[in-house]
Amino acid sequence: MEYIIGGIVIVIALFLTGYLMKKKYYKEIDRLEGWKMDITDRPVLDEMSKVKQLNMTGQTEELFERWRNEWDDIVTGQLPGVEELLFDAEEYIDRYRFKKAKEVQQAIEESLAGIEDKIKSLLAEINELVGSEEKNRTEIDGLKDLYRECKKALLAHRHTYGKAETILGIQLDEAFAKFQDFEDRTANGDYLQAREIVLTIQTQLDSIQKKMEAIPDLLVDAGSNIPSQLLEVREGFREMEQQGYMLEHVEVDKETESLEKEAAGYLAMIERGETGEAHEGLEDIKQRIDALYDLLEKEVYARKFIQSHDEKVRTELYNAKDANFMLKKELGIVQQSYHLQEKDEETHSLLETKLTKLFKRFEILEHKISNQSSAHSVLGEELEYIKNELEALSEEQVHFAEKLQALRKDELAAREKVKEISKKLSETIRLVSKSNIPGLSQNYRYLMEDTKESIQNVIEKLDEKPLDIPAVQQYLEIAVMTVDKAADSTAEMIETVQLAEKVIQYGNRYRSKYPSIAKALREAEDSFRNYNYKEALEQAASSIEEIEPGALKRIEDMIGEKENA
């Protein structure tokens, strides 16, 4: 029984598998069948009918026949072959020969893909032919108008084109001849070749038009403007030589002669209608002429600079020399009274060395100027360098002088600060005396001793010769901090004493009722008598706060009200 059931299950499984496989392969057959029908319905004949509207001769006739034969082959030969393969595939599927069916389907896929490519190529060629005819018809009239404009401009302004007028006329005639060639090709149905002629005419006329726009200006540049500028450069050069300028480094004759030859060569090119290279070459010549002008102008500017600054620099050098002498004198005086850092002494030495070198360079420069042995541009650059270095040196001298003067200012400021903190310490001591404080703690006495000692250290440093200002300022900074700390500690101590007395007095009301408060107050009084005022305040306040929270704040407010009253 089990074998029978197992057999039935296997049969059912095989049936379902076969059914699903057949369904899958039939689905693919339906797709391929749809693709074939789509190809059959392509409007190829409609597209080919557009060709019949053209001149059915020559190239057009040949192409049409080829396209029709290709389409007939597809419809009568290749598509029926695909149809037979579809039948074969269906038969294999019905017989469950799926492997064979798959091979046939692949063959159908390849055939349809090949037919698809052929149709795309065929339609593209048809569109190219029809499109060429339409474009030719549209563009040829515009090209004829362009030709007439160029011809008219050449005749009306032939004098502006010089010898180039002849070559331009020849090129226009060559373009005109192609119009007839175009008409002949079109009449013969050779639309693709006619399209190539249209593009050629377009290229020729565009080139001629650009040349006609450029040649007049190029002829003026090459034949007139540039030669005039070169003559002007030579004349300016001669005039400057007569005025005493040293211009051996500016090879004007050699350069202008070379530029004249180049300009003549480009002029010949322009007359032959070759404008591209000529335009670039003439622009290069203009830049080189500008460079010659720049060199000559640089000499003129340098000469004016020397004339206007030579005496000023001389005066500034001697002023710097006088300033250096005064600095040296001031440095000697300062060294007797103040301790200078090694770098400060080196600074003056460096300034003196720089000044000596500048004097030597200026003397050499003056010799060259008087002998007129160098170009003014070279001399001007040297003078400008000396001038800039001298200005920087003068600034350094001023800064160094200010630094020396600052030493004296720093000393006076330090002495004034010592007076200020000494006065503050005296006022602090008087405040302690007036406050009737029972006594002073040992720590407070040490603080006051340190404060007096720090002030004394500053005074001793100020009395040293030579005076070391950085050391004075360092000691002074410590003294200021110590005096401020002493003043703050004193104010805090007086406030603590007053508050501790008031708290103990306030706590006496609870002494008899609360033994714990009585004990705490006794301890607070002992601390107070031993000058531990802060500890006394903490002991008294903490015990009272346990019984009467906020009591310390109220006592502080009462003290504040009395002080403000």
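Residues numbered from 1 in each chain as written. Predicted model: local features only at pLDDT ≥ 70, side-chain atom pairs only at ≥ 80, totals over all residues. Heavy atoms only, no water.

The name an unreviewed UniProt entry assigns to the chain is Septation ring formation regulator EzrA, from the organism Bacillus infantis. Under the heading Function (unreviewed entry), UniProt records this for the chain: "Negative regulator of FtsZ ring formation; modulates the frequency and position of FtsZ ring formation. Inhibits FtsZ ring formation at polar sites. Interacts either with FtsZ or with one of its binding partners to promote depolymerization." Its UniProt record gives the chain the following Sequence similarities (unreviewed entry) comment, quoted word for word: "Belongs to the EzrA family." (UniProt positions renumbered as here; feature names shortened; annotations may be inferred.)

Draft legend 1. Spotlight on the overall build of the chain. Of the regular secondary structure elements, the chain holds 15 helices and zero strands. Within the chain, the proportion of its 565 residues that are buried is 36%. A separation of at least 24 residues holds for 78% of the contacts in the chain among residues at least 6 apart in sequence. By element, 52% of the accessible surface of the chain is carried by carbon and sulfur atoms, the whole surface being about 34,000 Å². (Helix = DSSP H or I, 4+ residues; strand = E, 2+ residues; numbered from the N terminus. Buried < 20%, exposed > 50% of the residue type's maximum accessible area, 1.4 Å probe, protein only. Contact = heavy atoms within 4.5 Å. Areas by Shrake-Rupley, 256 points an atom, 1.4 Å probe, with all protein chains shown as cover.)

Draft legend 2. The nonpolar core, seen in detail. Counting residues in hydrophobic clusters, the biggest one holds 44 residues, and the most contacted among them are Leu205, Ile270, Leu282 and Ile285. Elements with a minimum of two residues in this core: helix H4 (98-156), helix H5 (164-187), helix H6 (191-242), helix H7 (252-271) and helix H8 (276-337). The element best represented in this core is H6, accounting for 16 residues. Residues from two domains meet in this core; each of domain 1 (1-148) and domain 2 (158-273) gives at least three. With 38 residues, the next largest nonpolar core counts Leu425, Leu476, Ala479 and Ala500 among its residues. (Core = buried A, V, L, I, M, F, W, Y, C linked by side-chain atoms within 4.5 Å. Domains from an automatic or database assignment.)

Draft legend 3. Representation of helix H11 (residues 442-462) within the structure. In this model, H11 (21 residues) spans 31 Å end to end at C-alpha, consistent with the 30 Å of a helix rising 1.5 Å per residue. Turning to H11, its buried residues number three or more, namely Tyr444, Leu447, Met448, Thr451, Ser454, Ile455, Val458, Lys461 and Leu462. For H11, the angular spread of buried residues about the axis comes to 155°, placing them on one side. (Expected span 1.5 Å × (residues − 1). Arc of directions from axis to C-beta.)

Draft legend 4. Focus on the environment of glutamate 174. Here glutamate 174 lies in helix H5. Using a relative accessible area of 41% as the deciding quantity, one classes glutamate 174 as partly exposed.

Draft legend 5. Representation of the pattern of salt bridges. Under the defined criterion, the tally for this structure stands at 21 salt bridges. The shortest N-O distance in the salt bridge between glutamate 262 and arginine 288 comes to 3.0 Å. In this pair, glutamate 262 is assigned in helix H7 and arginine 288 in helix H8, connecting sequence segments 26 residues apart. Residue class for glutamate 262 comes out partly exposed when judged on its relative accessible area of 25%. The exposure class assigned to arginine 288 is partly exposed, which follows from its relative accessible area of 22%. In this structure, lysine 424 and aspartate 484 form a salt bridge, with 2.6 Å as the shortest nitrogen-oxygen distance. (Salt bridge = Lys/Arg side-chain N within 4 Å of Asp/Glu carboxyl O.)

Draft legend 6. Examining H7 more closely. The end-to-end C-alpha distance of H7, which contains 20 residues, comes to 28 Å, matching closely the 28 Å that a straight helix rising 1.5 Å per residue would cover. Within H7, the full set of buried residues consists of Val252, Thr256, Leu259, Ala263, Tyr266, Met269 and Ile270. Within H7, the buried residues cover an arc of 130° as seen down the axis, which keeps them to one side. Away from its buried face, by an angle of more than 90 degrees, H7 presents the exposed residues Lys254 and Lys261.

Draft legend 7. Region of the structure containing the packing of aromatic side chains. Taken as a whole and assessed by the stated rule, the structure comprises five aromatic pairs. Both rings, one in tyrosine 318 and one in phenylalanine 359, keep their centres 5.3 Å apart while their planes meet at 80°; by these two values the pair is edge-to-face. Taken together, the residues tyrosine 318 in helix H8 and phenylalanine 359 in helix H9 (residues 342-371) connect sequence positions 41 residues apart. According to the relative accessible area criterion, tyrosine 318 is partly exposed, its value standing at 44%. Looking at phenylalanine 359, the relative accessible area reads 14%, which means it is buried. Grouped by ring-pair contacts, the aromatic residues Phe528, Tyr531 and Tyr533 constitute a single cluster. (Phe/Tyr/Trp six-rings, centres within 6.5 Å; stacked < 30°, edge-to-face > 60°.)

Draft legend 8. Highlighting the side chain of aspartate 221. Mapped onto the fold, aspartate 221 is located in helix H6. What makes aspartate 221 buried here is its relative accessible area of 14%.

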